[in-house]
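# Structural description and commentary
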Amino acid sequence: MTDAEIEALAKARGLERAWRDHPADVREAVTQAARLGTAFTRPADPAAEPMPAHAVRQS
């Protein structure tokens, strides 16, 4: 991802000052988020849940 794309993402999220003051940190955060976004495979069935649903016990 280019610096121009990262800057556009930062501005879209209201992080202009963070980008201006700490560009390396913002660049690293965007890189980590992109890596996390591709780390998990999507289930074939859109209704599938990764874990069983949890219920709160009624007392």
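Now for a description of the structure that goes with this document. (Residues numbered from 1 in each chain as written. Predicted model: local features only at pLDDT ≥ 70, side-chain atom pairs only at ≥ 80, totals over all residues. Heavy atoms only, no water.)

Along the protein, the regular secondary structure elements total three helices and zero strands. Along the chain direction, N to C, the helices and strands of the protein fall in the order α-α-α. Compactness check: the protein gives a C-alpha radius of gyration of 18 Å against a globular reference of 10 Å for 59 residues, more than 25% above the reference. The C-alpha extent of the protein, read off along each of the three principal axes, is 50 × 35 × 15 Å. Taken as a whole, the protein presents about 5,600 Å² of accessible surface, with 57% of it coming from carbon and sulfur. The positive charge centre, built from 8 side chains, and the negative charge centre, built from 9, are 4 Å apart in the protein. (Helix = DSSP H or I, 4+ residues; strand = E, 2+ residues; numbered from the N terminus. Rg over C-alpha atoms; globule rule 2.2 N^0.38 Å. Areas by Shrake-Rupley, 256 points an atom, 1.4 Å probe, with all protein chains shown as cover. Lys, Arg positive; Asp, Glu negative; His and termini not counted. Charge placed at Lys NZ, Arg CZ, Asp CG, Glu CD.)

Here the focus is the pattern of salt bridges. The full count for this structure, using the stated rule, is four salt bridges. Between Arg-27 and Asp-3 there is a salt bridge, and its shortest N-O distance comes to 2.9 Å. Of this pair, Arg-27 sits in helix α3 (residues 23–37) while Asp-3 sits in helix α1 (residues 3–12), placing them 24 residues apart in sequence. Owing to a relative accessible area of 40%, Asp-3 belongs among the partly exposed residues under this scheme. As a salt-bridge pair, Asp-21 and Arg-17 come within 3.4 Å of each other at their nearest N and O atoms. Taken together, the residues Asp-21 and Arg-17, both in helix α2 (residues 16–21) and four residues apart, mark about one turn of the helix. By sharing partners, the salt bridges in this structure join Arg-17, Arg-20 and Asp-21 into a single network. (Salt bridge = Lys/Arg side-chain N within 4 Å of Asp/Glu carboxyl O. Buried < 20%, exposed > 50% of the residue type's maximum accessible area, 1.4 Å probe, protein only.)

Close contact between α1 and α3 brings their axes to 10 Å; oriented N to C, the two are set at 90°. In terms of axis orientation, α1 runs roughly perpendicular to α3. From α1, Asp-3, Ile-6, Leu-9 and Ala-10 reach across to α3, where they touch Val-26, Arg-27 and Val-30. Here the residues of the contact of α1 with α3 sort into five nonpolar, no polar and two charged. (Axes fitted to C-alpha atoms, helices over the stretch in contact; angles between N-to-C directions. Parallel < 35°, antiparallel > 145°, perpendicular 65-115°, else oblique. Contact = heavy atoms within 4.5 Å. Nonpolar A, V, L, I, M, F, W, Y, C, P; charged D, E, K, R; others polar.)

Moving on, we come to the environment of Ala-48. With respect to the helices and strands, Ala-48 occurs in the segment after α3. Classification of Ala-48 as partly exposed rests on a relative accessible area of 34%. Measuring from C-alpha to C-alpha, the distance between Ala-48 and Ala-18 comes to 38 Å, with 30 residues separating the pair along the chain.

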